[in-house]
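In case you want the letters, here they are:
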Protein chains: 2
Amino acid sequence: MTVSEIDTLVHLLSKLPALGPRSARRAVLYLLKKKESEMAPLISALQNVYNTVQPCPICGNMDTQTPCTICQDEKRDKSILCVVQDVSDLWALERSHAFKGVYHVLGGVLSALDGIGPEDLKITPLIGKIQAGGINEVLLALPATVDGQTTAHYIAETLEGFPIKISRLSHGIPVGGELDYLDDGTLQTAIKTRRNL
Amino acid sequence: MTVSEIDTLVHLLSKLPALGPRSARRAVLYLLKKKESEMAPLISALQNVYNTVQPCPICGNMDTQTPCTICQDEKRDKSILCVVQDVSDLWALERSHAFKGVYHVLGGVLSALDGIGPEDLKITPLIGKIQAGGINEVLLALPATVDGQTTAHYIAETLEGFPIKISRLSHGIPVGGELDYLDDGTLQTAIKTRRNL
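Residues numbered from 1 in each chain as written. Chains lettered and ligands numbered in written order. Predicted model: local features only at pLDDT ≥ 70, side-chain atom pairs only at ≥ 80, totals over all residues. Heavy atoms only, no water.

A. The arrangement of the pattern of salt bridges in detail. Residues and elements named next belong to chain B. Within this structure, the stated rule accounts for eight salt bridges over all chains. Glu94 is the partner of Arg76 in a salt bridge, and the nearest nitrogen-oxygen pair spans 2.8 Å. Pair noted here: Arg76 is in the loop between α4 (69-72) and β3 (77-84) and Glu94 is in helix α5 (residues 87-96), with a separation of 18 residues, a long-range link. Comparing Arg76 with Glu94 shows no difference in burial state: the two are buried. (Salt bridge = Lys/Arg side-chain N within 4 Å of Asp/Glu carboxyl O. Helix = DSSP H or I, 4+ residues; strand = E, 2+ residues; numbered from the N terminus. Buried < 20%, exposed > 50% of the residue type's maximum accessible area, 1.4 Å probe, protein only.)

B. Fine view of the interface of chain B and chain A. Listed per partner, the contact involves 52 residues of chain B and 52 residues of chain A. When chain B packs against chain A, close to 5300 Å² is buried across both sides, 74% of that on carbon and sulfur atoms. Ionic pairing is found between Lys15 of chain A and Glu38 of chain B, a salt bridge with its closest N-O pair at 3.0 Å. The tally of links from chain B across to chain A stands at 10 residue pairs in polar contact (both at pLDDT 80 or more). Every element with two or more residues in the side of chain B that touches chain A is listed here: α1 (4-14), α2 (21-33), α3 (35-52), β2 (62-63), α4 and α5 of chain B. Among the elements that take part in the side of chain B that touches chain A, α3 of chain B stands out by supplying 15 residues, more than any other. (Contact = heavy atoms within 4.5 Å. Buried area = accessible area lost by both parts, 1.4 Å probe. Polar contact = N/O pair within 3.5 Å; in protein donor to acceptor, adjacent residues only side chain to side chain.)

C. Examining unusual backbone geometry more closely. Residues and elements named next belong to chain A. With an omega dihedral of -15°, the bond running from Thr66 to Pro67 counts as a cis peptide bond. The residue Ala18 is not glycine, and still its phi comes out positive at about 55°. Along the chain, Ala18 turns up in the loop between α1 (4-14) and α2 (21-33).

D. The arrangement of the packing of aromatic side chains in detail. According to the stated counting rule, one finds two aromatic pairs over all chains in the structure shown. Its guanidinium or amino end placed over the ring of Tyr50 of chain B, Lys35 of chain A lies 5.4 Å from that ring's centre, counting from NZ or CZ. (Phe/Tyr/Trp six-rings, centres within 6.5 Å; stacked < 30°, edge-to-face > 60°. Lys NZ or Arg CZ within 6 Å of the ring centre and 35° of its normal.)

E. Seen up close, the relation of the copies chain B and chain A. The two copies are related by a screw operation: chain B maps onto chain A through 180° of rotation and 0.0 Å of translation along the axis, at an RMSD of 0.1 Å. A rotation of that kind, with that shift, is consistent with a two-fold axis. Across chain B, the rotation axis passes nearest the C-alpha of Ile43 of chain B, at a separation of 3.2 Å. The share of interface residues of chain B whose copies in chain A are also at the interface is 100%, consistent with both copies meeting through the same surface. (Least-squares fit on C-alpha atoms with pLDDT ≥ 70 in both.)

Remember, this is a structural readout, not a statement about activity or role.
Here is the structure:
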């Protein structure tokens, strides 16, 4: 029997990325069967995040602190600025523990198809940060897609006059990747940019 | 930057069926970007369901009413009892608008592999309902799997002494289904149980 309260919840859950109406219904039933052990903690976790997490006014990261813990961290190298498409990419880089600079979230990439131009992205604040000084290197950690690389080129051109180094992530074979399963473009890039052992 | 509040939420969401850690993170970012339009309504919908929805003591359906709206409905035919594996199956049958009797949720099916025996299912309350009288037909709407059909046979045997009709859903070609894509078992059943036009 479909009840309005349950229907409302299924409808809202089914709008999440990765969930459709069928999996949303399964999720609701799962939660109803584990009301105390799963549903109550989920509600309070959502409430906590809703109350405490805000976008950082400096970098665009989502955090409970304002500015975010990365921007506040004295140990981070403020002279290297890593430009990412979205907060999810920032989190992925943080999980890798490989980058010790600070970030700038663009909020997307240029896309002729989707009608996203430079004014739709946080490019003006990026230029402002570089004009303010103190930045020696901009690392463009943008997706290796056509739109991502177009955006990287656009930003590199825009920043041409400034006395800063502009870098990008290297392309190649993913660590642990089988050659068999890789696309031709990646293999061609990996051969062209081969390194001496 | 992974924050404890966000991590807690990602962890709880990733336990939902159909979601993993990656899609849970995407869901959290989606909600954070739409705090007022999506996250706030989702929290209140979860809270509503948490506060109002209970399993029906008669049939096992999940509903805001006790007993559930189906068990309370005067227009439903109380003489036909449909036995289903789970609440999700009850909801699926309700969406089809094809059944006008009442339900009995077993809470699973017999499974030698998973160690689920008759005492783990709501079989004793089912016998109790039939002993109480007023039921003419038991429709076993159980999955067409080995475990589902074993459970159907077990229930049919258990109810053998009672003066009631025992039926099951027919097997065959799904409506709109291409013969090409069907498994052999379904095709064999559909041929064996063919009907005259």
